[in-house]
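Listed below, chain by chain, are the residues.
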Amino acid sequence: MRVLIVGGGIIGLSIARNLIKADVEVILIDKGRVGRKASWVAGGMLAPQAEGIRDKDFLQFCLDSRDMYEDFCRELEKDTGLDTGYWKCGILKLAFSQEELDTLKEDLEFFKSLGLKGQFLTREELKERYPDLGEDVLGGVLYPDDAQVDNRKLVIALEEFVKKNAKVLEYTPVKWIETAEGKFKSVITDSGEIEADICVIAAGAWSDDFGTPVYPVKGEMLALGIDRSNIDRVLYSSRAYLIPRKDYHRLVVGATQENVGFKDGNTVKGTLQLLNGAVSTLKNLYDKDILELWFGYRPATDDELPILGEGNIKNLIYATGHYRNGILLAPITAKIITKYILDGIQDKYLKLYSPLRFKGENR
Ligand SMILES: Cc1cc2nc3c(=O)[nH]c(=O)nc-3n(C[C@H](O)[C@H](O)[C@H](O)COP(=O)(O)OP(=O)(O)OC[C@H]3O[C@@H](n4cnc5c(N)ncnc54)[C@H](O)[C@@H]3O)c2cc1C
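As the structure is a prediction and not an experimental result, all values here were calculated from the model.

About the thresholds
- Residues numbered from 1 in each chain as written.
- Predicted model: local features only at pLDDT ≥ 70, side-chain atom pairs only at ≥ 80, totals over all residues.
- Domains from an automatic or database assignment.
- Contact = placed C-beta atoms within 7 Å.
- Nonpolar A, V, L, I, M, F, W, Y, C, P; charged D, E, K, R; others polar.
- Pairing = 2+ DSSP bridges.
- Helix = DSSP H or I, 4+ residues; strand = E, 2+ residues; numbered from the N terminus.
- Axes fitted to C-alpha atoms, helices over the stretch in contact; angles between N-to-C directions.
- Buried ≥ 20, exposed ≤ 12 C-beta atoms within 10 Å, placed from the backbone.
- Right-handed = clockwise from strand over helix to strand, strands pointing away.
- Core = buried A, V, L, I, M, F, W, Y, C linked by C-beta atoms within 7 Å.

A word on the domain arrangement of the protein chain. When its domains are assigned, the protein chain resolves into domain 1 (2–78 + 151–212 + 302–359) and domain 2 (87–147 + 215–300). Relative to domain 2, the C-alpha centre of domain 1 lies at a distance of 27 Å. Domain 1 puts 25 residues into the contact, and the matching count from domain 2 is 27 residues. Grouping the amino acids of the side of domain 1 that touches domain 2 by side-chain chemistry returns 9 nonpolar, 10 polar and 6 charged.

The strand order across the open sheet formed by 3 strands is E9-E10-E11, and the pairing between neighbours is antiparallel. Two strands bound the open sheet, and with one partner strand each, they are strand E9 (174–180) and strand E11 (192–195). Within the sheet, the average angular offset between the axes of one strand and its neighbour, ignoring direction, is 30°. Pairing between E9 and strand E10 (residues 183–189): 6 bridges, direction antiparallel.

Let us now look at the pairing of strand E1 (residues 2–6). Within E1, 4 of the 5 residues are buried, leaving the element largely enclosed by the surrounding structure. Bridge analysis of E1 against strand E2 (residues 25–29) gives 5 bridges, and the strand direction is parallel. Looking at E2, one finds that Arg 2 is bridged to Glu 25. With respect to chirality, the unit in which E1 leads through helix H1 (residues 10–21) into the neighbouring parallel E2 is right-handed. The pairing of E1 with strand E12 (residues 198–201) spans 4 bridges and is parallel. From the neighbouring strand, Ile 5 faces E12, where its bridge partner is Val 200.

In terms of nonpolar packing, the biggest core is built from 107 residues, with Val 6, Val 200, Leu 242 and Val 253 touching the most fellow members. The residue makeup of this core includes at least three contributed by each of domain 1 (2–78 + 151–212 + 302–359) and domain 2 (87–147 + 215–300).

Have a look at this one:
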C-alpha cells in the first residue's frame, strides 16, 4: 500500500512515522520545508489542564495524548539519537483578576472531580517561590502533569526519521486532488501527477484548499535570554505564557491570537502585549535580551475541534484543524489515523471529529 501525505508539519510527520513503522510505503509532500510552519512556531505546551478544557470528550482526547507523550519522545530519541526537549515541568496557571481566580478554582474542582491533579497556591505562597512575582498576580494553580516539549527539536527529530525512511518532496505545492468514482486517485503538483492508494491531508491552516473548513488564527511569539534562577517551569496566564526551555537559556513568550487571515509579520501591538505580559508576570524579565520574534498560523475550525478521518471521498483522509493543541495532539492523531489506514478501525474520536460533522451527516 502506498500512502501520500500532503503537509509535513508535526501532524503529517507523526502519521508518516507511524506508517513507516508499520512497513507502509509513504510519500510526504510539502509546499515548503517540512516542519517549518505552525509546528515550528508553537510554544510546545502539553497543557490540557492549563488550557482549561471543559469539553469532556475533547479533554479525554487531550489527556490520552499527554499520557502518550513521554514514550513518543523517548522512542523517537532512541531511533534518531536526537533530543526532543520533553520535560514534565508542570504548568502553573496564574490569575490576574478576581474573575480569573474564580474560574481557576472552578476549573480545579472540575479536574479534581475527574481524578486529575492540581494544587491551589495563594499569592503569598507564589511570592515565596517567585520573589519577582508581578504585583497583580492574585493566586495560581499548579498542574503537575501538564508538560512541554521543545517543538523545534521534536520536529527536527521527526524530519530526520521520515527523510531517512520515506520519499519526501519539499517545495512542491499540491495544486489539487484527482478523484475517480468517488475515490481518491492522485495529487497534481507542478512536477506532475502522483498516484497512491490513500491520501492524508495534513496541510494545517491551509487545509481549506482541500475542501475542509479550516482557517488561520495568527499568533505572535518572542524569546528572551534567561538563566536558571529566573523561572523553573511554565507560567501560564491570560497575559502571556512563559515557557523556559529545559536548558534554561531560552524563555519562549506567547502568544497573541488574532483572526486576521494570513497577514505575515510581527507587529508593535503584538510585541508590546507579549513583553507587558512577561514583565507583569515576573518583574525581573525587564532587562533580559530579546533573542527572536516570530509568528505563525493555528489551523482553526468553527467548533475549535480537529477534523479527523474520511469525508465524502473514499481514501481521502483528513488530519487537521488542531488549532491551539496540535503539538499536544500529534501522538494520538498519528495513532488513530494509522489504525484506520491499516485496519479500517473507526476509533470513537474519528466519529466525534469526523469531517462530515460540518454537513450534519455524522450524528
Ligand atoms: C503561536 C502559536 C503557538 C502555539 N502553541 C502551541 C502549544 O503550546 N501547544 C500545542 O499543542 N499547540 C500549539 N500551537 C498549535 C500547533 O502549533 C498547531 O496546531 C500544529 O502545529 C498544527 O500542525 P500541522 O502539522 O497541522 O500544521 P503545520 O505545522 O502548519 O504544517 C502544515 C504543513 O502543510 C504544508 N502545506 C500546506 N498546504 C500545502 C499544499 N498545498 N501542498 C503541500 N504542502 C502544503 C505547509 O507547508 C506545512 O508545512 C500553537 C500555534 C501557534 C501559531
